[in-house]
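Tertiary structure, described
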Amino acid sequence: MALKTYIEAIRDALIEEMDRAPNMLVLGEDIQEGGVFRATDGMLERFGPQRVLDTPLAESSIVGVSIGMATNGCLPVAELQFADFAYPAFNQLISEAARWRYRSYNGWGCPMVVRIPYGAGIRGAMYHSQSIEAMLAHVPGLKVVMPSTPYDAKGMLKAAIRDPDPVIYLEHKRAYRMLKEELPDGDYTVPIGPARLRREGDDITVISYGLMAHECLQAAEELAAEGIDATVLDLRTLAPLDRDAIVAAARRTGKALIVHEDNLTGGFGGEIAAIIAEHAFDDLDAPVRRLATPDVPAMPFNGALEDFLLPSREKIADAMRDLAAY
Amino acid sequence: MTTTDTRLESGTSDLYLSMYRDMVRSRVLSDRMFALNRQGRAAFAVTGQGHEAAQVGSAYALTAGADWVLPYYRDVGVLVALGMKPYDILLGLFAKAGDPTSGGRQMPCHWSWPEMRVVTRSSVIAANLPHAAGIAYASKLLGRGEVTIVYFGEGATSEGDFHEAVNFAAIHQLPVVFFCENNGYAISESQEKQMAILHVADRARGYGIEGQTVDGNDALTVLQTTRWVIEECRRGLGPKLIEAKTYRYAPHTSSDDDRRYRTRAELEEWTRKDPIDRLRNRLLADGVLTPDADGAIRAAAQREIDEAVEAAERAPDPPDDDAFRYVFAEDA
Ligand SMILES: Cc1ncc(C[n+]2csc(CCOP(=O)(O)OP(=O)(O)O)c2C)c(N)n1
Ligand SMILES: [Mg+2]
């Protein structure tokens, strides 16, 4: 066992998989120098410039060449520097990678991982703070994972690298150094797909994913002291989605709160709420609630405004109290 | 590379002094913005130390308020030359209410100034190059004599948007200047990792337009070249691409550690080519500037920035519900 931060867990997964698979490579902007968040720190020295590849500043080609590499026997793990800069690559992700297998009637596969740092709370302003999961999870053919712990970060990245299809791996920037955990030495994977119950309680159910799942768990611990006992479900994977776990968790308490950092309208919470409405309606004791960032185009740089907009532990706790009292 | 070695034109000494003053003000302001970040008083800084000749020299070739300007985050000097007050730039640094560029929404130095036809841009590299082509198309369609200039780093020329914008502008012979501040790095990536050519200007030929490489640390050369290119654009002989070779003295942003990828020797070498020293020496040699006058210019810049910091830091934050304004037009 060793204490690892979220970003160390990611780096360890990359290095261990590179050791295991000589056809794997990592590529992206500033990757050789370690990447702007240092996820690939030290990898150039270990694996050389052909497998730790600095690309030009051109996201469409980062994903486009990755698709080609994957098609011809490599295992590319691309890094897009910020979620906010993934859009130039959306054409390649959505038109190409997502439809690669389907449109060739299984003639071609695209075993590729695209790592994308997302999320706010670091005073990153409008273009270094966005959450983009709803847009990606909407597209059949892409798998979308958002681990909330260092353990899952490592195990799910390994599972993503070994997956035969394109996996979008969303990692919260604020989690990188904030989350630490004792991790087992050596190889393990965490499967893509299954959600995980982080806490069991009979009063209310909170459903979330990514860093917000961590915040929800913290809020639930706080509320336990007040006598409100919450179930916290961490989805971990948005596509393919663990619908059964969502329905079971909602049924258990009859009161569901969905939390995400992405903005409300058309956010992934709407999908979760629809699943609950369709499959757990008879067990509900309260309307399904959603806590999300309000519908503004992006996070302002001003710190007070960012705090005002962003879901926080306190706002989650308030929403939980509210729901428990319903 | 074009270099100027003519005597200063007569009757222009005021202009050169004014350029020099703006380069000094831009440097002092940039240094201060970085320092404020290091002191924990500003959440982020991105600045233009080293690029002053390219920025101020080119901006002085524009007809301010008539020509369209699409600067990038490093262009403190362009905005200072266009007349934006350091106080206003600092309101952006501190993300205060009244920040004219974004009302405290964008990172510092993400310019917008409608009165001066400075068009808003995102952080997304190269995304505004097609906007420049579109603005220039409108100028042509509507029969206006204005010219558009868009600024970007050499890193931006790897993006599809760069190529698509230059191609569009070339097809329609638009009055637009693509001004590249080539500092040899896109964050940590040196130029060899970004392109297989020596000069960004060489990209122009592939689209059927003229590209020129200039010494971006020589303000007078930049001024002269940009003036000529803008004149050509006004006469309907655009578009053009200018590549100003320069170097940034500070890390990429306050979040970057440039010691990881640049040698101190390289930095030293470029420090000896400081664009501000270069213009100062030229003006001193030509008797346009005296050491005393230089001292006064520097002292005035320090005072001006001190006062602006003091005032901007005390300015109020926007109120919470300001976060909901202008998602759409309010008077529609
Ligand atoms: C589309 C996009 N991808 C990545 C980034 C992150 N990023 C910000 S600046 C930069 C390098 C830009 O280099 P260059 O264009 O040469 O300008 P310089 O900063 O050197 O002046 C990168 C990669 C971004 N802002 N936008
Ligand atoms: Mg550059």
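Every value quoted in this text rests on a predicted model; they were computed, and no experiment measured them.

1. Considering the site of ligand 1
By nearness alone, 21 residues border ligand 1, and Glu 59 of chain A together with Tyr 72, Tyr 73, Ser 123 and Tyr 185 of chain B come closest of all. Those chains with residues close to ligand 1 are chains A and B. Here Tyr 72 of chain B contributes a side-chain N or O atom positioned 2.7 Å from an oxygen atom of ligand 1. Between an oxygen atom of ligand 1 and a side-chain N or O atom of Asn 183 of chain B, the distance comes to 2.9 Å. When the free accessible area of ligand 1 is taken as 580 Å², the share hidden by the protein chains comes to 97%. Among the residues forming the shell around ligand 1, the class breakdown is 10 nonpolar, six polar and five charged.

2. So, the coordination of the magnesium ion (ligand 2)
All names here are of chain B. In this structure, Glu 154 (OE), Glu 154 (OE), Asn 183 (OD1) and Tyr 185 (O) serve as the protein donors to the magnesium ion (ligand 2), at separations of 2.1 to 2.8 Å. Considering all six donor atoms around the magnesium ion (ligand 2), angles at the metal cover 50 to 177 degrees and the coordination shape is irregular. Each donor residue of the magnesium ion (ligand 2) belongs to the same chain, with the gaps between them written as E-x28-N-x1-Y. Note that Glu 154 is positioned in the loop between β2 (148–153) and α6 (160–171) and Asn 183 in the loop between β3 (176–182) and β4 (185–186), a separation of 29 residues in sequence.

3. Some words on the sheet that holds strand β14 (residues 289–293) of chain A
Residue and element names in this part refer to chain A. One open sheet accounts for five strands, arranged β9-β11-β10-β13-β14; its pairing is mixed. Two strands in the sheet have a free side with no partner beyond their single neighbour: β9 (196–199) and β14. For this sheet the average axis-to-axis angle between neighbouring strands, irrespective of direction, equals 25 degrees. Each of β9, β10 (204–208), β11 (230–234) and β13 (256–263) touches helix α9 (residues 211–224); the most contacted strand, β11, lies at about 170 degrees to it. Seen against the sheet, helix α10 (residues 243–253) touches β10, β11 and β13 and runs at an angle of roughly 170 degrees to β11.

4. Here we look at the interface of chain A and chain B
Opposite the 36 residues of chain A that make contact, chain B presents 34 residues. Between chain A and chain B lies a buried interface of about 2700 Å² when both sides are counted; carbon and sulfur atoms form 64% of it. For the chain A face of the interface with chain B, the top three residues by lost area are Leu 57, Phe 301 and Leu 305 of chain A, together amounting to 25%. The residue Glu 33 of chain A makes a salt bridge to Arg 260 of chain B at a minimum N-O spacing of 3.1 Å. Inspection of the chain A/chain B interface yields 11 residue pairs in polar contact (both at pLDDT 80 or more). With four residues, helix α12 (residues 303–309) of chain A is the single largest residue contributor to the side of chain A that touches chain B. Residues that form the side of chain A that touches chain B fall into these classes: 19 nonpolar, seven polar and 10 charged.

Criteria and thresholds
- Residue positions are counted from 1 within each chain, in the order its sequence is given.
- Going through the entries in the order they are written, you letter the chains from A and number the ligands from 1.
- Side-chain atom pairs in this predicted model are given and counted only at pLDDT of 80 or more, local residue features only at pLDDT of at least 70, and totals for whole chains, interfaces and linings cover all residues.
- In computing side-chain properties, one takes all heavy atoms of the structure into account and sets aside hydrogens as well as water.
- The nearness test applies per residue and asks whether one of its heavy atoms lies within 4 Å of the molecule or strand.
- N or O atoms within 3.5 Å of each other form a polar contact, as long as, within protein, one can give a hydrogen and the other can take it, and as long as residues adjacent in sequence are counted only when both atoms are side-chain atoms.
- Note that accessible areas follow from Shrake-Rupley with a 1.4 Å probe, and for residues the cover is restricted to the protein chains shown.
- Think of it as three bins: nonpolar holds Ala, Val, Leu, Ile, Met, Phe, Trp, Tyr, Cys and Pro, charged holds Asp, Glu, Lys and Arg, and polar takes everything else, Gly as well.
- Each metal's donors comprise the N, O and S atoms found within 2.8 Å of it (within 3.2 Å for Na, K or Ca). Water is not part of the atom list, so some coordination spheres may appear incomplete.
- Sites are called tetrahedral only when four donors show all angles between 85 and 135 degrees, square planar or octahedral only when four or six donors show opposite pairs over 155 degrees and all other angles between 65 and 115, and irregular in any remaining case.
- For helices the rule is a DSSP run of H or I covering at least 4 residues; for strands it is a run of E covering at least 2, with both sets numbered from the N terminus onward.
- A pair of strands is labelled paired if DSSP reports no fewer than 2 bridges between them.
- Orientation is described by lines fitted to C-alpha atoms, with helices fitted over the stretch in contact, and by angles between N-to-C directions that extend from 0 to 180 degrees.
- By the convention used here, residues are in contact when the closest approach between their heavy atoms is within 4.5 Å.
- Two parts placed together each lose some accessible area; with a 1.4 Å probe, that loss summed over both constitutes the buried area.
- In what follows, salt bridge is the name for a side-chain nitrogen of Lys or Arg lying within 4 Å of a carboxyl oxygen of Asp or Glu.

As far as function goes, none of this settles anything; it's purely spatial.
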